[in-house]
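# Structural overview
The primary structure of each chain is shown beneath.
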Amino acid sequence: MKTILSYFTLALLIVSCSNSNGNGLLMPTSSTIKIDADDTKDSIIVKAAHVVPTKNQYEALKNEFIAFIHFGPNTFTRMEWGSGFEDPKIFDLKNLDTDQWCKAMKAANMEMVILTVKHHDGFVLWQSRYTEHGIMSTGFQDGKGDILKELSASCEKYGLKLGVYLSPADLFQIENKDGLYGNLSTYSDRVIPRRVDGRPFKNKTTFTFNVDDYNEYFLNQLFELLTEYGPIHEVWFDGAHPKRKGGQKYNYLAWKELISALAPEAVVFGKQDIRWCGNEAGATRDTEWNVIPYQSNPLEMNSFADITGEDIGSREKLYDAKYLHYQQAETNTSIREGWFYRDDTSQKVRSVDDVFDMYERSVGGNTTFLLNIPPNREGKFSPEDVRVLNEVGQRINETYSTNLFADASGLKNVLDDDVNTFELLNSDIKEIIIETKKPVTINRLVIQEAIATHSERVEEHAVDAWIDNTWKELVSATNIGYKRILRFPETTSNKFRIRVLESRLNPAISNITAYYYKTRPPQLSITRTIDGQVSIQPKKHDFGWKPHGEDSAGNLNTELEIRYTTDGSEPTKDSKLFNGSFLATSGDIKAVAFSKDQKGSVVSKKLGILKSDWKIIKVDSWSSDHKSELAIDENPNTYWRSGEKGSPHFLELDLGQAYTLKAFAYTPQKENGNGMIEKGVIKVSNDGKTWKAFESFEFGNLINDPVMRTHQFQSAITTRYIRIESQVIAGGKKTAAIAELDFFE
Ligand code: FUL
């Protein structure tokens, strides 16, 4: 089907179109275009090629790299999801240093920060007039502190934009007896903001909405946030709900009216402007279209479903649409394991390699990169997080400051590094040839389309270099949109060619720039077999390209060495050389690759007790081939899954000998959102027959973030027999699943 509407065909169409003015547009552009009953497949694609971002969406895309801050009671309880029952006093903040946050974010090249002013627990980080459940009821600055206010001042000082995350789910309002959430109140006209004696607003605007108690509460809070903290550039509405009550509905259209009036520069996440990328791990799609098919008009919709599929905007998907709508993705993930700070010892921090790789894939994959940095209980970013942010910033600057096509000749509008000028491809210009004065060595190419005026149109493209008197293909990819960063082994030439192979109408290319990324030693990964043999190897990337040139001979120094320690200390050039797997029954392995003059990122793995002597005593059930042994086979890709019937689901283990255990780790399966053990209990036994409850555990947000979770026991326990029992499965599901269980001494 694609070929019937290649841009060459359409170029002819444009030429023969009497009212064509040569700007490549066949109809007015808009961020939402309706599909009519008589539209054909071809005319739907023409419409798709005219869907452009709004001004605010385009500005948001240009931010590229932005920060998220998860901070609240969970920082102190070490939970991912709170309960709403927390005593505000547990938010025991003594110091707060929002300048330190902003300095580190700025150093990383971030443009905006979004703060969780209210997470699902309902605790507010600003001085709200409408609740006591928040910062006003803590000892922080004698209850007078306001975290959003301090952050807003720091943002101004450091030149960062500000956004707010206001969770619609609100456990405090669900759980407390006078709570407003789902209280079945009647809808009536309510004036926003509701007046509170002694706390007048400077902004005198008022609104009247026909809403219930919780929506009124929410609108009042939005009013405070959007009028008293300087310009707000993004409002973030999370879709997750640890609990619901009373069939509570959200009157988003009222919220939207208020936001458009009070924060005219803001984009809204989770609604019409910005969509979730579909995972919380920093994974990106190879093809990320921002022109999205809808069944009803997104500008009139109250609720938006998550879009998680792999293919969301291909031609085949668009053919079924009733509306085509521009809705960009944000790639969101955390620099730490989990959204909230837990500790500086066992909570892993992503490496510079990892963050830089995500930056290139997300910003260079037509999305915005939203990276969370959770402040610690001192009110600061931890030193390791600051180090990573600084180094990521340095790496971005070092790589992307010098455009190696700066003096090249070719089409002026694509070479001028100005996103406002572009070259419209047509049947005469099928490819773009770029010649540099002297040969250049490059391994990154950045291409941008003029999406603000011409939408995203390229569907397939390739890049060649002129080498030994012939064109050699360096790399190919699918769509481009706002920005595509192409990564390929380093290549030296003075002539390059960009070919557009498929597109929706004539694409308008605004920029092509080239860079050199200084190849570093590769990221490593550590694995262990059931017998305790530890291997350390370059990490496999689950996307097609090898960002650090691992697969290109000559790119990596052949004298690459892997050095490691087993006592948790930082490996140096003098540490043990890895030259084949070795036996390790316990310990904290740290490894790093060294090339001749460079050190790679340190990778670490805390080893649980050896599993070679473990036996399953009993399991309540299993389904199909997901046998219980798969929970203890040192392979996180295979898993035990119970049957649906019976409760509780459990697994009983004989560890082979008694150990003194201080913690355990649960690795959920990643295949789908089933079987996530949200709450459970660990039991112990003297004989493997009669069991006694030892400690309960709880892990939040497993469906969206299915990574290994560690639970530290309150006191160590010496036992040979151990049983894990599920009590609550996330999402109300009925089966329990375990990809891997680990116990730590
Ligand atoms: C999720 C929430 O449940 C997490 O706690 C976190 O806030 C993340 C950004 O969104 O859906």
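Thresholds applied
Residues numbered from 1 in each chain as written. Predicted model: local features only at pLDDT ≥ 70, side-chain atom pairs only at ≥ 80, totals over all residues. Heavy atoms only, no water. Near = heavy atom within 4 Å. Polar contact = N/O pair within 3.5 Å; in protein donor to acceptor, adjacent residues only side chain to side chain. Areas by Shrake-Rupley, 256 points an atom, 1.4 Å probe, with all protein chains shown as cover. Nonpolar A, V, L, I, M, F, W, Y, C, P; charged D, E, K, R; others polar. Helix = DSSP H or I, 4+ residues; strand = E, 2+ residues; numbered from the N terminus. Buried < 20%, exposed > 50% of the residue type's maximum accessible area, 1.4 Å probe, protein only. Contact = heavy atoms within 4.5 Å. Pairing = 2+ DSSP bridges. Domains from an automatic or database assignment. Phe/Tyr/Trp six-rings, centres within 6.5 Å; stacked < 30°, edge-to-face > 60°. Lys NZ or Arg CZ within 6 Å of the ring centre and 35° of its normal.

## So, the site of the ligand
The local shell around the ligand holds 13 residues, among which His70, His119, His120, Tyr165 and Asp238 are the closest. His119 has a polar side-chain atom sitting 2.9 Å from an oxygen atom of the ligand. Bound to the protein, the ligand loses 98% of the 290 Å² it would expose on its own. Its residues assigned to classes, the shell around the ligand shows six nonpolar, five polar and two charged.

## So, the environment of Thr205
Tracing the chain through its elements places Thr205 in the loop between strand S5 (188–192) and strand S6 (207–211). Classification of Thr205 as partly exposed rests on a relative accessible area of 35%. Residues within four places of Thr205 in sequence aside, it is in contact with Ile192, Pro193, Phe223 and Leu262. Here the side chain of Thr205 touches Asn203 through a polar contact of 2.5 Å, side chain to side chain.

## Thoughts on the sheet that holds strand S20 (residues 524–528)
If you trace the three strands from one edge of the open sheet to the other, you get S20-S21-S24, paired in antiparallel fashion. Each of the sheet's edge strands pairs with one partner strand only, and the pair in question is S20 and strand S24 (582–583).

## Comments concerning the domain arrangement of the protein chain
On domain assignment, one finds that the protein chain holds domain 1 (64–290 + 327–395), domain 2 (412–515), domain 3 (524–607) and domain 4 (615–744). One C-alpha centre belongs to domain 1, the other to domain 3; they are set 37 Å apart.

## Let's talk about the packing of aromatic side chains
A complete count under the given rule lists 43 aromatic pairs for this structure. Here Phe68 and Trp339 contribute two aromatic rings whose centre-to-centre distance is 5.7 Å and whose plane-to-plane angle is 80°, an arrangement assigned as edge-to-face. Of this pair, Phe68 sits in strand S2 (residues 65–69) while Trp339 sits in the loop between strand S12 (328–334) and helix H11 (352–363), and the two are 271 residues apart along the sequence. The pair Phe68 / Trp339 is uniform in exposure class, with both members buried. Between the aromatic rings of Tyr564 and Phe578, the centroid separation amounts to 6.4 Å while the plane-to-plane angle is 75°, which identifies the pairing as edge-to-face. Residue Tyr564 is located in strand S22 (residues 561–565), and its partner Phe578 is located in the loop between strand S23 (576–577) and S24; the two are separated by 14 residues in the primary sequence. The same class applies to Tyr564 as to Phe578, namely buried. Connected via pairs of aromatic rings, a cluster forms that spans Tyr181, Tyr214, Tyr217, Phe218, Phe237, Tyr250, Tyr252 and Trp255. Between Arg129 and the ring centre of Phe201, over which it is positioned, the NZ or CZ distance is 3.6 Å. Above the ring of Phe356, the side-chain terminus of Arg395 is found at 5.7 Å from the ring centroid.

## Thoughts on the pairing of strand S13 (residues 367–372)
With six of six residues buried, S13 is to be regarded as a mostly interior element. Pairing of S2 with S13 involves four bridges; the strand directions are parallel. What sits directly across from Ala67, in S13, is Leu371. Relative to S13, S12 is paired through six bridges, and the arrangement is parallel. Bridge pairing in S13 places Ser334 opposite Asn372.

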